[in-house]
Every structure is written in C-alpha cells, then in structure tokens.
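Descriptive analysis of the structure
If you want the building blocks of each chain, they are given just below.
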Amino acid sequence: YLRKGDFIMSESFASKTYEDFFLENTLKVNKTVEIILIYATLIPFVFCIGTLTKLWDIPYSYCLFMLIYEVIASIICLILNRNPKYTRITMYYGVIAVSVFVGILAYRGIIRLSISYALGTIISCMYYNRRLTITTCLVNYIVSVGISYFQSFGKDGVVYGLYPNSICHSDGCWAYN
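Residues numbered from 1 in each chain as written. Predicted model: local features only at pLDDT ≥ 70, side-chain atom pairs only at ≥ 80, totals over all residues. Heavy atoms only, no water.

A look at the side chain of T136
Turning to its location among the elements, T136 is positioned in helix α6 (residues 130–151). Of the residues examined, T136 reaches a relative accessible area of 1% and is grouped as buried. At a separation of 2.7 Å, a polar atom in the side chain of T136 contacts the main-chain carbonyl oxygen of L132. When sequence neighbours within four positions are dropped, the list of residues in contact with T136 reads V95, S99, G120, T121 and S124. (Helix = DSSP H or I, 4+ residues; strand = E, 2+ residues; numbered from the N terminus. Buried < 20%, exposed > 50% of the residue type's maximum accessible area, 1.4 Å probe, protein only. Polar contact = N/O pair within 3.5 Å; in protein donor to acceptor, adjacent residues only side chain to side chain. Contact = heavy atoms within 4.5 Å.)

Overview of a nonpolar patch on the surface
Together, I35, Y39, L42 and F45 make up an exposed nonpolar region whose accessible area comes to about 420 Å². Structurally, the position occupied by F45 is in helix α2 (residues 43–52). (Patch = residues over 30% accessible without salt bridge, like charges linked within 9 Å, V, L, I, M, F, W, Y side chains within 5 Å. Areas by Shrake-Rupley, 256 points an atom, 1.4 Å probe, with all protein chains shown as cover. Salt bridge = Lys/Arg side-chain N within 4 Å of Asp/Glu carboxyl O.)

Let's talk about the packing of aromatic side chains
Aromatic ring pairs are reported here in terms of the distance separating the ring centres and the angle at which the planes meet. According to the stated counting rule, one finds eight aromatic pairs in the structure shown. On the numbers, 6.4 Å between centres and 35 degrees between planes, the contact of F21 with Y128 is tilted. Highlighted residues: F21 in helix α1 (residues 18–40) and Y128 in the loop between α5 (113–125) and α6, separated in sequence by 107 residues. Judged by relative accessible area, which is 24%, F21 ranks as partly exposed. Through a chain of ring-to-ring contacts, the aromatic side chains of F21, F22 and Y128 assemble into a single cluster. (Phe/Tyr/Trp six-rings, centres within 6.5 Å; stacked < 30°, edge-to-face > 60°.)

Observations regarding the confidence of the model for the chain
This prediction gives the chain a mean pLDDT of 80; 77% of its residues lie at or above 70. For residues 158–166, every residue scores under 50 in pLDDT, and the model assigns this stretch eleven contacts once sequence neighbours within four places are set aside. Segment residues 173–177 is flagged for pLDDT under 50; beyond a separation of four residues in sequence, or across chains, it makes eleven contacts in the model. (pLDDT = per-residue confidence, 0-100.)

Here's what the structure looks like:
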C-alpha cells in the first residue's frame, strides 16, 4: 500500500508523491467522464434516426428530453473541468450525471435497469476513491428505485406479496381465489 510521501513511477513523471498521482488520475478520469458526457449527446440523434427508419420506436419528445439533459450535463461538466479548484466537485458531478443519464435510458426500457446501477459504480472505481464509490452506489440505488417507481405508473400487473392472487389496475386492486 502507498503512504503519504511515498514515491511511485508513472509514464508522465519519473517520480511523484502519493498525492500527485491521485490528483493526476482524478484529472484524467474527470476528462474521460467529460468526453463520455459529450459523446452521449449523440445518442438522442441516433434514436431519432432509428425511429425514422423504423428500427425502433422511441418517442421524439423522449429523445428531446434526453438531448436537453445531456447538453446541460455536458456544459456543466465542461465548466467545472476548466477550473482546477472544482476537481472534487467535478468528480462527483460527472459520475452522478452519467448514472442519471443511464437511468433515463433505463426508464423507457432502452437498456436494462441493472446496467444503470452498474455503470456509474464502474466509472467511480477508476478514481480509486472509496467515498466516491460508496456515494455512487447510493445514488445509483436511489435512481434505480426511482425508475422502478415511475415505471409502475399506469401499468396493470400482478402484485406479489401478502396476497399473491391480487391484480392491480389504475383504478384499484382486487383479490381473487
């Protein structure tokens, strides 16, 4: 394990301190997350083209919502990355912004909900920061629960639990034997 003051080898410097290594890593990963967010602005356009060619059916209003979210998230990340004193804020913001975007994709069933939970956590592991990874896991859990909750509106289905023979519709639930 590295301790404060230990020297390590890196491709860009012959020797660095522990803090320098993690600062450089954080800056590189922040830049990578920024690039991910910028390229993700292309996804709504791809969905619109796919809908036009009848490859899939994703409402244009949903594509517009995704585009607006991604443009705003990308611009905020660009602004935060330009100022070195916001490095830690950018670290949290970028991972959470990616997690929320993947959650938006999972809301319509474009991707599986389990992927929305995993992607942000995987990205947060690149920072080598335990607190960030734990925070990202909590945020991903909240996003996943929120997506499941909002997906349940207006859907008929069977309620599993105390009364397995009950059916719920938008106007109420009934039990049968």
